Amino acid sequence: MRFVQFMLCPIAAAIACGSGTGRSSSPLGTGDAGTDGASPPQAHWFTEVGSGLSGVNVTHQPNLAIGMSGGIGVAAGDIDGDGKPDLVAPSGLGPTYVYRNEGAWRFADVSAASGIDGHGVANGASLCDVDGDGDLDLFLSTDQPWSQGTLFFFLNDGHGTFTDDTAAAGFADSSCVTTVVCTDLDGDGLLDVYVAAYGFVGTSGDPGRQDAFFRNRGDGTFVDVATRLGFDADGLTWTVAASDYDRDGDLDLYVGNDTFVEDDGTRPLPAPMNIPGTSAPAPGDRLYRNDGPGADGYPVFANVTSSAGAVLSVPRGTMGIVAEDLTGDGIPDYFLSNYGRKALLEGSSTGTFVDATGGTALEATKDPLGSLLVSWGSALQDIDLDGHRDIVLLDGDLHGVQQIQSEWRGTASAFETLQPDLPTMVARALVTADFDGDGDLDLVVTNWRGATRLFENVASHPGSAGASWLAVVPKAKTSAPEGRGAIVTVAGIAKTVGAGGIIDSSGPAEARFGLGAAKTADVDVLWPSGFRSHVTGTPANQVLTLQEPALLTVTPRVVPADGKSTATVVVTPAKADGSPLGPGAGVTIDATSGTWQAPVADRGDGSYARTLVAPGTPGLAMITVSVAGTTFAIRPRVEFR
């Protein structure tokens, strides 16, 4: 093995490499920056926390009869409201475990009291505050269609006890579900749910069900509108990621599909295989551009896979997606894990992408023994808190063969390939979270036919000289719960909160940054509502919770279409610091359907209200609000039925 670096030059920017401004902005380049024949330096990032200390004892039990090796996931999040990330860990054919984080790397098995016992086979888990009540609800999913149900939804009582709400919420049974991502694609301030489906399981061929997108109606129920939104979700989907790649104020969607193509780096690649049991080729990845609301109140999505760059149509087996700005130009790029060659797709201001993997260390496709690396979970995070983002990538063969893991250390001008200190594994999902509360990011890793394993970050002494850090936790009052979709920028690095992209899994909805030697940092949060929070001189080494003002409320969200029932819209314009703007703000409130009882009422306390009367026929009304001529980005909807 050789020491490999690759330069961090943005392709489209006229910026000289090696100028050394102190923080990495781009891992893109055209060649190796150092190949002197020496072995890569040894990583000293992680040490395993064994089950004897942690109490986490989960082993994946796959159904070997299906003839393929899929994923196994894990969800990390604070389910009981004590500020520490807990774990929900499926085991395949075995039970799903719930572990409460008690601190000091000790987890208590609270599965029996959690309310999820006996709810079928599960491979995937996802935590998010679907109903907006301040606690994390739970999805469990499985890619095994013969099980009794393949998608379960549980409401959290706020203390980590769950109640099955699958049927009442309207989540139709979905066959072969892999990943569940909560995101507000329609921009109404409610969390919707994208359900990825791997439509083939077993050698007999089972096309199963297509991906689903459940729109949140605002009354605790959901409806699948994937077809109406134009999602031609006919692929074998491993995972999805939501980010605003064209920076127009709404969330776009990258769908990672399996094509059964092994990419060893040679070109041209073979054509995608047919879905077993059918004559249809397995479709590749999809990129859906969100063009905002249409006349009917539903968002309009355009499949731009073909027009956004030829690189998007390359057949892959995309099993992990990192959607983040890697070049420092404010435009998200995509890093895709794959069966073989990884893909680093650089975005541009024109909405197109180019493959920037060539000539970089990320182009490596094989392990030292010559076996093709099968890459799954990935993380782009500042592991050692030096102010430069690093990459951890998990590998695991499809046939149960252990493979080496991949670790790259970011510097001011390059990424360095490290000899990994993570063990060889048949790895699958990777979730990062600060399990021990010391400020750096630890790992939880799942393994096919193996254990769910915890790794403590020992790369630095968080908070010491050269290892400052900052965590930003957005609390939305107008945008979707948990601030999902908010763009947090610190030290020139922009992160989308809750973007997803982790196969079968989910992590905390937060943005974490290494600050190196800096003692303070400026924090900018662009909320999905369009409101911007900016905090200067934030002291380092803390978890910063930022509250979005309650700019807009609509109650109720669902009313009878009887010609007389009403919904009330309340607007409270805010200054840059979040305080009310006050009377006389010039507020307009309009709707695409229904009639208004009266003009906008200035209530004299900084808030404004208007009451909408339902029509006599079912439909949707999209609410638009403007303050002093500026229209809010968020557009709540009222459903008449």
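For the structure, check the block above.
Please read these numbers as outputs of a predicted model, since none were measured by experiment. (Residues numbered from 1 in each chain as written. Predicted model: local features only at pLDDT ≥ 70, side-chain atom pairs only at ≥ 80, totals over all residues. Heavy atoms only, no water.)

It is worth spelling out the overall build of the protein chain at this point. Counting its regular elements, the protein chain contains three helices and 46 strands. Counting the 641 residues in the protein chain, one finds 59% classified as buried. Counting contacts in the protein chain only where the partners sit at least 6 residues apart, residues at least 24 apart contribute 58% of the total. Carbon and sulfur atoms form 52% of the exposed surface of the protein chain, whose accessible area is close to 22300 Å². (Helix = DSSP H or I, 4+ residues; strand = E, 2+ residues; numbered from the N terminus. Buried < 20%, exposed > 50% of the residue type's maximum accessible area, 1.4 Å probe, protein only. Contact = heavy atoms within 4.5 Å. Areas by Shrake-Rupley, 256 points an atom, 1.4 Å probe, with all protein chains shown as cover.)

Reading across the sheet, the four strands line up as β3-β4-β5-β6 and stay open at both edges, with antiparallel pairing between neighbours. Where the open sheet ends on each side, the last strands, each with one partner, are β3 (75–77) and β6 (107–109). Going from strand to strand, the sheet's axes swing by 20° on average, the running direction of each strand aside. For strand β4 (residues 86–89) and strand β5 (residues 97–101), the ladder comprises three bridges, and the chain directions are antiparallel. Bridging across to β5, L87 finds its partner in Y99. (Pairing = 2+ DSSP bridges. Axes fitted to C-alpha atoms, helices over the stretch in contact; angles between N-to-C directions.)

We now examine the nonpolar core. In this structure, V488 and V523 are the most contacted members of the largest nonpolar core, which totals 42 residues. In terms of residue count, strand β44 (residues 619–627) provides more of this core than any other element does, four residues in total. The residues contacting V488, other than those within four sequence positions of it, are V472, I493, A494, K495, V497, A511, F513, V523, D524 and V525. V181, F213, V225 and L620 belong to the second-largest nonpolar core, a separate cluster that totals 18 residues. (Core = buried A, V, L, I, M, F, W, Y, C linked by side-chain atoms within 4.5 Å.)

A water-sized probe rolled over the atoms picks out the places where empty space is left. As enumerated under the stated definition, the model contains seven cavities of 30 Å³ or more in all. In this structure, the largest cavity spans a volume of roughly 630 Å³. As for the largest cavity, its lining consists of 38 residues, of which Q381, T496, A499, G500 and I502 are closest to the centre. Breaking the lining of the largest cavity down by element, the ones donating at least two residues are β7 (124–128), β11 (177–183), β19 (320–324), β23 (375–381), β27 (427–433), β32 (493–496) and β33 (511–516). Sorting elements by how many residues they give to the lining of the largest cavity places β23 first, with six residues. In terms of residue class, the lining of the largest cavity is built from 20 nonpolar, 13 polar and five charged. (1 Å grid on protein atoms, 1.4 Å probe; cavity = no way out; pocket = protein on both sides within 12 Å on 5 of 7 lines; lining within 4 Å. Points joined across faces, edges and corners; volume = space filled by probe spheres on them. Nonpolar A, V, L, I, M, F, W, Y, C, P; charged D, E, K, R; others polar.)

This paragraph deals with the side chain of T365. Among the structural elements, T365 can be located in the loop between β22 (353–355) and β23. Residue classification places T365 among the buried residues on the basis of a relative accessible area of 10%.

Let us now look at the environment of A540. Position of A540 relative to the elements: it lies in the loop between β35 (532–539) and β36 (542–547). The buried category is assigned to A540, whose relative accessible area is 13%. Taking the C-alpha atoms as reference, A540 lies 9.4 Å from G514; in sequence the two are 26 residues apart. Ignoring sequence-local partners within four residues, the contact set of A540 consists of S468, W469, L515, A518, K519 and T520.

Of all five residues that make up β7, five are buried, and the element is covered over most of its length. The two faces of β7 match: G124, S126 and C128 on one face and A125 and L127 on the other face are all buried. Where β7 meets strand β8 (residues 137–141), five bridges bridge the pair, whose relative direction is antiparallel. What sits directly across from A125, in β8, is L140.

Here the focus is the state of the cysteines. Under the counting rule described, the total for this entry stands at one disulfide. Disulfide pairing places C128 opposite C182 at an S-S distance of 2.0 Å. In this pair, C128 sits in strand β7 while C182 sits in strand β11, placing the two residues 54 residues apart along the sequence. (Disulfide = S-S within 2.5 Å.)

Let's shift gears to the environment of N257. Relative to the assigned elements, N257 resides in strand β16 (residues 252–257). Sequence separation of N257 and T318 is 61 residues, and the distance between their C-alpha atoms is 5.6 Å. There is a polar contact of 2.7 Å between the side chain of N257 and the side chain of T237. There is a polar contact of 2.7 Å between the side chain of N257 and the backbone oxygen of G284. (Polar contact = N/O pair within 3.5 Å; in protein donor to acceptor, adjacent residues only side chain to side chain.)

For the structure on display, the rule yields 21 aromatic pairs. With a centroid separation of 6.3 Å and 40° between ring planes, the pair formed by F152 and F154 is classed as tilted. In this pair, the class of F152 matches that of F154, namely buried. Three or more aromatic residues joined by ring pairs form one cluster here, namely F139, F153, F171, F214 and F222. (Phe/Tyr/Trp six-rings, centres within 6.5 Å; stacked < 30°, edge-to-face > 60°.)

Spatially, β19-β20-β21-β22 is the arrangement adopted by the four strands of the open sheet, whose pairing is antiparallel. Since the sheet does not close on itself, it has two edges, and those belong to β19 and β22, each with one partner. Strand-to-strand twist in this sheet, taken as the mean axis angle between neighbours without regard to direction, amounts to 20°. Where strand β20 (residues 333–337) and strand β21 (residues 343–347) come together, three bridges link them in antiparallel fashion. Of the residues in β21, the one forming a bridge with L336 is A343.

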